[in-house]
Amino acid sequence: MACLKQRNMGLSDQIAQYLVSGLSTGAIYALIGIGFAIIYNGTEIINFAQGEMVMLGGMFTLFGLDVLKLPLPVAILMAVTLTTLSGVLFERLTIRPLKSPTPLSLVIITIGGSILIRGIAMLVGGKDTHAIPAFSGSDPLSIGSATILPQHLWIFALTVIAIVLNKLFFQYSITGKAMRACAANRRAAGLVGIDVRRMVLFSFAISAGLGSLAGIIVAPLTMTSYDVGVMLGLKGFCAAIIGGLSGGLGTVLGGLLLGVLESLGAGLISSGYKDAIAFIILLLILFIRPQGLFSRAQTERV
Amino acid sequence: MLKVKNINTYYGKVHALKNISLHLGEGEIVALIGANGAGKTTMLNTLSGVTPASSGSINFLGESITGLAPDRIVKNGVSQVPEGRQVFKGLTVADNLELGAYLRFCSRESKDAIRRDMGHIYELFPRLEERRKQMAGTLSGGEQQMLAIGRALMAKPKLLLLDEPSMGLAPLVVQEIFTVIERLRRDEGTTIMLVEQNAKAALKMADRGYVLETGKVILEGPAAELLENREVQRAYLGKDKKEIWER
Ligand SMILES: Nc1ncnc2c1ncn2[C@@H]1O[C@H](COP(=O)(O)OP(=O)(O)OP(=O)(O)O)[C@@H](O)[C@H]1O
Ligand SMILES: [Mg+2]
C-alpha cells in the first residue's frame with residue numbers, strides 16, 4: 001500500500017515536471033504559430049520560411065555574443081531587429097515581385113526562400129550546434145514538487161509580454177486595425193486608402209520579430225544551429241492549425257496543447273514519439289476539424 | 001472636376017468598358033444607370049483604381065489619376081462606397097469609421113478633427129452611434145449601407161462614388177439614405193456619382209445622367225430629359241409595361 005502510494009507520488013511529480021517543460025515549449029510554438037497566423041490572415045500565404053526566422057533569431061544572437069562580444073540584452077535586441085529586417089527583405093525579394101501569385105507559386109517561393117536562408121546560415125555559421133547562455137543562470141528553482149529553470153520563467157514572461165503587446169497593437173493602433181481590415185476585406189481596405197502591400201510587408205516584419213524572439217528564448221534550453229527552423233517552424237504551423245489560424249488565443253492554446261502533449265508523450269511513452277505527435281495532431285485536425293479546435297460559431301450576417 | 005476620356009477596361013478577354021468618356025462638374029450629382037452587367041461597377045472600380053483601364057485617361061481636379069493604386073486615388077479625394085457595402089465585418093462600427101480616416105491618421109491630422117467628423121457621421125446616421133461598439137457584421141443591411149457611406153465620408157472626399165446604395169433595402173431605408181445623399185451635396189458641396197438599378201429614384205435626384213449598355217454609353221443628358229426619354233422609360237423605368245400587358 002505504502003509502496004503504491006509512493007509510486008503515485010513519483011508519477012504525479014513527473015507529470016508536473018512534464019507540464020512545466022511542455023508549457024514552456026508550447027509557449028514557443030505559440031509565438032511561432034502567431035507569426036504564421038498574422039501572415040496568413042493578411043495575405044492567405046502560409047509562409048514556410050517562418051521557421052527560418054526562428055533560426056535567425058538564435059544565430060544572430062550567437063553572432064552578437066561570440067563575434068561582436070556584445071552583452072546578452074544588446075545581442076538579443078540586435079537579433080530581433082536584424083531578423084525583423086530579414087522578414088522585410090524576404091517579403092520584398094520573394095512575395096512582392098510576383099506578378100500574379102497563385103497559391104502554388106507562393107508555397108514554392110516561400111519553401112525556396114527558406115532553403116536559401118538555411119543555406120546561407122550554414123555557409124556563414126557552419127554546421128555546428130551552438131549554446132547560448134541561459135538569461136539568468138541555470139540553477140533550478142523548486143515549485144512544490146516540480147523544479148523549474150529560470151529560463152522557463154523567462155520564456156513564460158517574454159511570451160506573455162509579446163502576445164499582450166501584439167494583441168494591443170492589433171486591437172487599438174490604427175495600423176493594427178488597418179492590417180485587420182486588409183485581412184477582412186482587401187479590396188475594401190484599398191478603397192478606404194490603406195496601402196495593402198505595405199500592410200503585407202508589416203505582417204512579414206511582425207511575424208519575423210515574433211519568430212526571432214521564440215528562437216532566442218528557447219536557444220539556451222535546446223541549443224541552436226542552422227537547421228533548427230525546420231522542426232520549430234512545423235511545430236509552430238501545427239499550433240496555428242490547431243488554433244484555426246487565429247492570430248490570438250486559439251493559436252496560443254494550440255501551442256500550449258501541442259507542447260504539453262509532446263512532453264507527456266515523450267516522457268510517458270517514449271521520446272521517439274515526440275515529433276510524431278505534432279504530425280499526428282496536424283493530420284487529425286486537417287481531416288476532422290480544419291477550422292481549428294477553438295473556432296467559435298460565425299456571428300456574421302451576410 | 002472629373003474628366004474621363006476613351007476608357008477601355010478588360011477582365012481577361014471580357015471587354016467590360018468600351019471607349020467610355022464622361023465628365024462631372026463640381027457639386028453635381030450624376031447618375032449612372034444601366035441593366036445588370038452593363039459595366040456600372042466596373043466604371044466605378046476603374047475610377048477607383050481597382051480595375052485599372054488598359055487605355056484612356058482619367059483626370060481629376062486637373063491632375064491625371066490614371067493608373068494610380070486605390071489608396072492613392074483616395075488620397076486624391078475620390079472615395080467609393082462599394083457595391084454590397086463591404087464593411088469590415090469583424091471590426092466594430094467605430095473602428096470601421098476610424099479606418100475611413102486612415103489616410104488622415106497617416107498624415108498626422110489632429111485626432112480632434114477626426115473625432116469631430118465621426119460625430120458628424122453619427123449625426124447623419126444616429127443608428128450607427130447606438131451600435132458603435134457592435135461588430136459591423138452584425139448590423140442589418142441598411143445599417144451596413146449607412147456604415148459604408150459613413151466610412152467613405154470619413155476620408156473627406158471631394159468626389160463620392162456610390163455603387164447601388166439602395167440594393168436590397170426596404171423603401172423607408174432607401175429614402176433615409178437618399179435624403180442623406182442630397183444633404184451631402186447641399187451642405188458640403190460633395191460631388192456625387194450615383195450608380196443605381198433604381199433608375200427613377202436616381203434620376204429624380206441627379207442633375208445629369210449616363211445610360212450604360214454592354215460597356216458603352218448609349219445616352220447622356222440632363223436627368224429630367226432622361227426621365228422623359230422613351231427608350232429610358234421602356235428599358236429602365238418600366239413605364240410601358242402596363243400597356244404591353246393590356247394588349
Ligand atoms: N471579375 C470579373 N471577371 C470577369 N468578368 C467580369 C468580372 N467582373 C465583372 N465582369 C463582367 O464585366 C461586365 C460588367 O460587369 P459590372 O459588374 O461592371 O456590371 P454592373 O453594371 O455593375 O452590373 P450589376 O447591375 O449587376 O451590378 C459583365 O459582363 C460582367 O460579367
Ligand atoms: Mg454592379
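Residues numbered from 1 in each chain as written. Chains lettered and ligands numbered in written order. Predicted model: local features only at pLDDT ≥ 70, side-chain atom pairs only at ≥ 80, totals over all residues. Heavy atoms only, no water.

1. Considerations on the nonpolar core
Nonpolar side chains tend to gather and get buried jointly when the protein is soluble and globular.
Inference 1: Formed by 128 residues in total, the largest nonpolar core has its most connected members in Ile194(A) and Leu128(B).
Inference 2: For this core, the element with the highest residue contribution is helix 8 (residues 196-222) of chain A, accounting for 12 residues.
Inference 3: Setting aside its immediate chain neighbours within four residues, Leu128(B) contacts Val93(B), Ile121(B), Tyr122(B), Leu139(B), Glu143(B), Met146(B) and Leu147(B).
Inference 4: Leu24(B), Ala38(B), Met43(B) and Val195(B) belong to the second-largest nonpolar core, a separate cluster that totals 24 residues. (Core = buried A, V, L, I, M, F, W, Y, C linked by side-chain atoms within 4.5 Å. Buried < 20%, exposed > 50% of the residue type's maximum accessible area, 1.4 Å probe, protein only. Helix = DSSP H or I, 4+ residues; strand = E, 2+ residues; numbered from the N terminus. Contact = heavy atoms within 4.5 Å.)

2. Some thoughts on the coordination of the magnesium ion (ligand 2)
For a metal with four donors in a tetrahedral arrangement, the ideal angle between donors is 109.5 degrees, while six donors in an octahedron ideally sit at 90 or 180 degrees.
Inference 1: Looking at the metal site, the magnesium ion (ligand 2) is ligated by Thr41(B) (OG1) and Glu83(B) (OE), spaced 1.9 to 2.3 Å from it. Note that Thr41(B) is positioned in helix 1 (residues 40-48) and Glu83(B) in the loop between strand 6 (78-81) and helix 3 (93-100), a separation of 42 residues in sequence. (Donors = N, O, S within 2.8 Å, 3.2 Å for Na, K, Ca; no water.)

3. Quick notes on the interface of chain A and chain B
Inference 1: At the interface, 21 residues of chain A touch 26 residues of chain B.
Inference 2: A buried area of about 2200 Å², summed over both sides, lies between chain A and chain B, and 61% of it is on carbon and sulfur atoms.
Inference 3: Across the salt bridge formed by Lys177(A) and Asp95(B), the nearest N and O atoms sit 2.9 Å from each other.
Inference 4: Our count for the chain A to chain B interface comes out at 3 residue pairs in polar contact (both at pLDDT 80 or more).
Inference 5: Those elements giving two or more residues to the side of chain A that touches chain B turn out to be helix 6 (174-184) and helix 7 (186-191) of chain A. (Buried area = accessible area lost by both parts, 1.4 Å probe. Salt bridge = Lys/Arg side-chain N within 4 Å of Asp/Glu carboxyl O. Polar contact = N/O pair within 3.5 Å; in protein donor to acceptor, adjacent residues only side chain to side chain.)

4. Looking at the packing of aromatic side chains
All names here are of chain A.
Inference 1: As enumerated under the stated definition, the model contains 5 aromatic pairs over all chains in all.
Inference 2: On the basis of an interplanar angle of 55° and a centroid distance of 5.5 Å, the ring pair of phenylalanine 36 and phenylalanine 237 is categorised as tilted. Placement of the pair is phenylalanine 36 in helix 1 (residues 2-43) and phenylalanine 237 in helix 9 (residues 228-242), with a sequence separation of 201 residues. Note on accessibility: phenylalanine 36 and phenylalanine 237 belong to one class, buried.
Inference 3: Residues phenylalanine 48 and phenylalanine 237 carry aromatic rings whose centres are separated by 6.0 Å and whose planes lie at 55° to one another, so their mutual orientation is tilted. With phenylalanine 48 in the loop between helix 1 and helix 2 (50-67) and phenylalanine 237 in helix 9, this pair connects stretches of sequence that are 189 residues apart. (Phe/Tyr/Trp six-rings, centres within 6.5 Å; stacked < 30°, edge-to-face > 60°.)

5. Re unusual backbone geometry
Inference 1: Phi at Asn6(B) is positive, roughly 45°, even though this residue is not glycine.
Inference 2: Mapped onto the elements of the fold, Asn6(B) is located in strand 1 (residues 2-11).

6. Some details on the pairing of strand 7 (residues 159-163) of chain B
Residue and element names in this part refer to chain B.
Inference 1: Counting buried positions along strand 7 gives 5 out of 5 residues, so the element sits mostly inside the fold.
Inference 2: Taken together, the 4 bridges between strand 6 and strand 7 define a ladder with parallel strand orientation. Residue serine 79 lies in a different strand from strand 7, and its bridge partner there is leucine 160.
Inference 3: Bridging between strand 7 and strand 8 (residues 191-196) involves 5 bridges; their strand directions are parallel. Its bridge partner being in strand 8, aspartate 163 is matched across the sheet by valine 195.
Inference 4: In this view, the connection linking strand 7 to its parallel neighbour strand 8 by way of helix 8 (residues 171-188) has right-handed handedness. (Pairing = 2+ DSSP bridges. Right-handed = clockwise from strand over helix to strand, strands pointing away.)

7. Some thoughts on the confidence of the model for chain A
Inference 1: Per-residue pLDDT for chain A has a mean of 89; in total, 94% of the residues score no lower than 70.
Inference 2: Confidence over residues 1-7 of chain A falls short of pLDDT 50; this stretch has 0 contacts with residues more than four positions distant or in other chains. (pLDDT = per-residue confidence, 0-100.)

8. Description of the sheet that holds strand 5 (residues 63-64) of chain B
For sheets, the rule is that strands pair by backbone hydrogen bonds, running either parallel or antiparallel.
All names here are of chain B.
Inference 1: The 4 strands lie next to each other as 2-1-4-5, forming an open sheet whose pairing is antiparallel. Two strands lie at the open edges of the sheet, namely strand 2 (14-24) and strand 5, each paired on one side alone.
Inference 2: Bridge count for strand 1 against strand 2 is 7 bridges, and the pairing is antiparallel. In the sheet register, tyrosine 11 faces strand 2, and the bridge partner there is valine 14.
Inference 3: Seen against the sheet, helix 1 touches strand 1, strand 2 and strand 4 (55-60) and runs at an angle of roughly 110° to strand 1. (Axes fitted to C-alpha atoms, helices over the stretch in contact; angles between N-to-C directions.)

9. Remarks on the pattern of salt bridges
Inference 1: In total, this model carries 20 salt bridges over all chains according to the counting rule given.
Inference 2: For Lys235(A), the salt bridge identified is with Asp275(A), shortest N-O distance 2.7 Å. Of this pair, Lys235(A) sits in helix 9 while Asp275(A) sits in helix 11 (residues 274-288), and the two are 40 residues apart along the sequence.
Inference 3: The partner of Glu143(B) in a salt bridge is Arg131(B), with the nearest N and O atoms 3.0 Å apart. Placement of the pair is Glu143(B) in helix 7 (residues 141-153) and Arg131(B) in the loop between helix 6 (126-130) and helix 7, with a sequence separation of 12 residues.

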